[in-house]
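# Observations on the three-dimensional arrangement
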Amino acid sequence: MRLQDKVAVVTGAASGIGKEIARVYAREGAKVVIADLNAEAAMATARELDPSGDRSLGVAMDVTNESQVDAGMQQVIDRFGALDVLVSNAGIQIVAPVVEFEFAKWQKMLAIHLDGAFLTTRAALRQMYKQKSGSVIYMGSVHSKEASVLKAPYVTAKHGLIGLSKVVAKEGAAHGVRSNVICPGFVRTPLVDKQIPEQAKELGISEEDVIRKVMLKETVDGEFTTVEDVANTALFLASFESNALTGQSIVVSHGWFMN
Ligand code: NAD
């Protein structure tokens, strides 16, 4: 058990990558908190991971809402008395060319990816600093390092997370808190399944070509990254035993973008 009795909050954990991270953390002995906009799915995921309810908690949380984030984190402390790992993972995708991008959609994207990361980090650090330990993990993307057409706010926000993480690594060091970013390639989750037909329409190509010629073109083997690949990276970062590994970003993408 690599996370025995650690308390881990995973945002956006009612689906996709976040859900698999919560599952792997629970398997490794952690008490897991499923914080998600979709309250019903958050509760269902928490029950699925621990039907007894002793070692999992579903929390309704819109990560862009300051009072909901602070209240949700307080609920975690009240319930489990500690907070050891934050995985800031909640995210969405909206695709369109810059020239047509609606300002409201741009703002929504930045709010979820950047305001959400900031608000959950700030709330988590208040507790981690008291404990003098903690691990913060941001769900970046290959798009934290590389650009693609149609994804201006996503690429902007994912690059921004690396900046936030580096500051948290520097400020957190004196308090025993580490901070790192995971940068996955394409993973078949609802977020990606939704954008395949959208990209096909925007680019005027088939869905098959979106997968082969856009999403997986730069990989070394034409393979999708899996939720398990990302969850194992999140386990590695959460359970790393010293402060040596901080301020870093790890690309897990079948070789798409090599540092
Ligand atoms: P997903 O759609 O399967 O899950 C996202 C979850 O976030 C959902 O449960 C949703 O309800 C929740 N969410 C959305 N807005 C929220 C908000 N305001 N507050 C709280 N929860 C909210 O998507 P996924 O593919 O698992 O994506 C998870 C993260 O991984 C995102 O940050 C995404 O950008 C990143 N990512 C995904 C891929 C990929 O290919 N799927 C690749 C790289 C990075």
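We now turn to the structure provided with this report. (Residues numbered from 1 in each chain as written. Predicted model: local features only at pLDDT ≥ 70, side-chain atom pairs only at ≥ 80, totals over all residues. Heavy atoms only, no water.)

Glancing now at the side chain of S141. Residue placement: S141 occurs in the loop between β5 (134–139) and α5 (152–172). A residue is classified by how much of its surface remains accessible, and S141, at 4% relative accessible area, is buried. Engagement of the side chain of S141 in a polar contact is seen with the backbone nitrogen of H143, the distance being 2.8 Å. Other than its neighbours up to four places away in sequence, S141 contacts Y154, K158, I182, C183 and P184. (Helix = DSSP H or I, 4+ residues; strand = E, 2+ residues; numbered from the N terminus. Buried < 20%, exposed > 50% of the residue type's maximum accessible area, 1.4 Å probe, protein only. Polar contact = N/O pair within 3.5 Å; in protein donor to acceptor, adjacent residues only side chain to side chain. Contact = heavy atoms within 4.5 Å.)

With that settled, consider helix α2 (residues 39–49). Along α2, the positions that sit buried rather than exposed are A42, T45, A46 and L49. Summarising the axial view, the buried residues of α2 lie within an arc of 100°, below the 170-degree limit, and thus occupy one face. With respect to the buried face of α2, the exposed residues turned more than 90 degrees away are E40 and R47. In the core, the buried residues of α2 are packed alongside α1 (16–27), β2 (31–36) and β3 (56–60). (Arc of directions from axis to C-beta.)

Quick look at the packing of aromatic side chains now. Taken as a whole, this structure holds two aromatic pairs when the rule is applied. Between F186 and W256 the ring centres are 5.4 Å apart and the planes differ by 5°, which places this aromatic pair in the stacked class. Note that F186 is positioned in the loop between β6 (177–184) and α6 (190–203) and W256 in the segment after β7 (248–252), a separation of 70 residues in sequence. Owing to a relative accessible area of 7%, W256 belongs among the buried residues under this scheme. Geometrically, the ring pair formed by F236 and F240 is edge-to-face, given 5.8 Å between the ring centres and 80° between the ring planes. Its relative accessible area of 36% is what places F236 among the partly exposed residues. (Phe/Tyr/Trp six-rings, centres within 6.5 Å; stacked < 30°, edge-to-face > 60°.)

On to the site of the ligand, then. Neighbouring residues of the ligand: 29 residues in total, closest S15, D36, Y154, V187 and T189. Here a nitrogen atom of the ligand sits 3.0 Å away from a polar atom, N or O, in the main chain of V63. Burial of the ligand by the surrounding chains reaches 92%, relative to a free accessible area of 840 Å². Looking at the shell around the ligand, the elements that each hand over two or more residues are α1, α4 (103–131), α5 and α6. When residues of the shell around the ligand are assigned to their parent elements, the largest contribution, three residues, is made by α6. The residue makeup of the shell around the ligand, split by class, is 16 nonpolar, ten polar and three charged. (Near = heavy atom within 4 Å. Areas by Shrake-Rupley, 256 points an atom, 1.4 Å probe, with all protein chains shown as cover. Nonpolar A, V, L, I, M, F, W, Y, C, P; charged D, E, K, R; others polar.)

The interhelical angle for the contact between helix α3 (residues 66–80) and α4, taken along N-to-C directions, is 35°, at an axis separation of 9 Å. With respect to the hand of their crossing, α3 and α4 are arranged in right-handed fashion. For the pair α3 and α4, the contacting residues are E66, V69, D70, M73 and I77 in the first and L119, T120, R122, A123, A124, R126 and Q127 in the second. Residues of the contact of α3 with α4, tallied by class, amount to six nonpolar, two polar and four charged. (Axes fitted to C-alpha atoms, helices over the stretch in contact; angles between N-to-C directions. Left-handed = near helix turned anticlockwise from the far one by under 90°.)

Note on soluble globular proteins: their nonpolar side chains tend to be buried together. V9, M73, M128 and V136 are the most contacted members of the largest nonpolar core, which totals 31 residues. Elements that contribute at least two residues to this core include exactly β1 (7–11), β2, β3, α3, α4, β5, α5 and β6. For this core, the element with the most residues is α4, which contributes seven residues. The contact partners of M73, leaving out residues within four places of it in the chain, are V9, M61, L83, L86, T120, A123 and A124. In this structure, V32, V85, I137 and L235 belong to the second largest nonpolar core, which totals 30 residues. (Core = buried A, V, L, I, M, F, W, Y, C linked by side-chain atoms within 4.5 Å.)

Don't take any of this as a statement about function, it's just geometry.
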